[in-house]
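One-letter residues, chain by chain:
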Amino acid sequence: MNIIVAVDKNWSIGKNGQLLVSIPADQKLFRQETMGKVVVMGRKTLESLPGGQPLPGRTTIVLSRNPDYRVKKALVCHSVSETLETLKGWNQDDVFIAGGQQIYEAFLPYCHTAHVTYIDYAYEADTGFPNLDREEGWDLDLETEEETYFSLCYTFRRYVKRSNLRGS
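Quick caveat, the model's predicted, so the values are computed rather than measured.

**Some words on the packing of aromatic side chains**
Okay, step 1: The full count for this structure, using the stated rule, is eight aromatic pairs.
Okay, step 2: With a centroid separation of 6.1 Å and an interplanar angle of 55°, the aromatic rings of Trp11 and Tyr118 are classed as tilted. Of this pair, Trp11 sits in the loop between strand S1 (2–7) and strand S2 (12–15) while Tyr118 is found in strand S8 (residues 113–119), placing the two residues 107 residues apart along the sequence.
Okay, step 3: One aromatic cluster is present, built from ring pairs that chain together Trp11, Tyr104, Tyr118, Phe129 and Tyr159.
Okay, step 4: Positioned above the aromatic ring of Tyr118, the side-chain terminus of Arg157 is 3.8 Å from the ring centre.

**Here we look at the pairing of strand S12 (residues 152–161)**
Okay, step 1: Burial within S12 is extensive, with eight of its 10 residues counted as buried.
Okay, step 2: Judged from the seven bridges that link them, S8 and S12 form a sheet pairing that is antiparallel. The residue bridging Thr117 from the neighbouring strand is Phe156, located in S12.
Okay, step 3: By the bridge criterion, three bridges tie strand S11 (residues 147–149) to S12 in an arrangement that is antiparallel. Residue pairing for S12: Tyr149 is matched across the bridge by Leu152.
Okay, step 4: What sits between the antiparallel neighbours S11 and S12 is a turn of two residues, in which Phe150 has the positive phi angle 55°.

**Digging into the nonpolar core**
As a rule of thumb, soluble globular proteins bury nonpolar side chains together.
Okay, step 1: If you look at the biggest cluster of nonpolar residues, it comprises 26 residues, and the most contacted ones within it are Ile3, Val40, Ile97, Phe129 and Leu132.
Okay, step 2: Of all the elements in the fold, those that place two or more residues in this core are S1, strand S4 (38–42), strand S5 (59–63), strand S7 (95–97), helix H4 (101–107) and S8.
Okay, step 3: In contact with Leu132, other than residues within four places in its own chain, are Trp11, Leu108, Ala114, Val116, Trp138 and Tyr159.
Okay, step 4: Residues Ile4, Leu46, Tyr69 and Phe96 belong to the second largest nonpolar core, which totals 13 residues.

**Considerations on the pattern of salt bridges**
Okay, step 1: In this structure the tally under the stated criterion is nine salt bridges.
Okay, step 2: Glu85 serves as the salt-bridge partner of Lys88, at 3.1 Å between the closest nitrogen and oxygen. Glu85 matches Lys88 in its accessibility class, with the two residues each being exposed.
Okay, step 3: Several salt bridges converge on common partners, so that one network encompasses Asp133, Glu143 and Arg157.

The rules behind these values
Residues numbered from 1 in each chain as written. Predicted model: local features only at pLDDT ≥ 70, side-chain atom pairs only at ≥ 80, totals over all residues. Heavy atoms only, no water. Phe/Tyr/Trp six-rings, centres within 6.5 Å; stacked < 30°, edge-to-face > 60°. Helix = DSSP H or I, 4+ residues; strand = E, 2+ residues; numbered from the N terminus. Lys NZ or Arg CZ within 6 Å of the ring centre and 35° of its normal. Buried < 20%, exposed > 50% of the residue type's maximum accessible area, 1.4 Å probe, protein only. Pairing = 2+ DSSP bridges. Core = buried A, V, L, I, M, F, W, Y, C linked by side-chain atoms within 4.5 Å. Contact = heavy atoms within 4.5 Å. Salt bridge = Lys/Arg side-chain N within 4 Å of Asp/Glu carboxyl O.

As structure tokens, this is what we get:
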């Protein structure tokens, strides 16, 4: 499984239920990586999307503790274990964990690759993501040249779980 996330320099991801910033190249990367694949997200993340609806062209799995929660054009699971059972029907390389914080933290142990848009700026935030530069067992595998969006500098990074490095 993969994780896909945009973080600031403090590994923060959001404030008040919204992303910290919207960078077109990050949105394009998200679209390219997840199109035709499975995207797993929490209810709050789904509700933060345009119209509060699943993104087109993807299979969406939404986690909610509410047993009565339903959403059109998405599968709803109520626990990590139920989600993992549901995901057995898909190629794990085609699964992307897309937030928010509780979902990232719950699924990080099951993921082998993290696609991180790293923004070199510190925002005021109320949600975060584990710092993979310090997280045991994760290694930076790839980082692009620095790009800019107006005055924001950012890079795209790929982290891999050490057990998945070639030759390990």
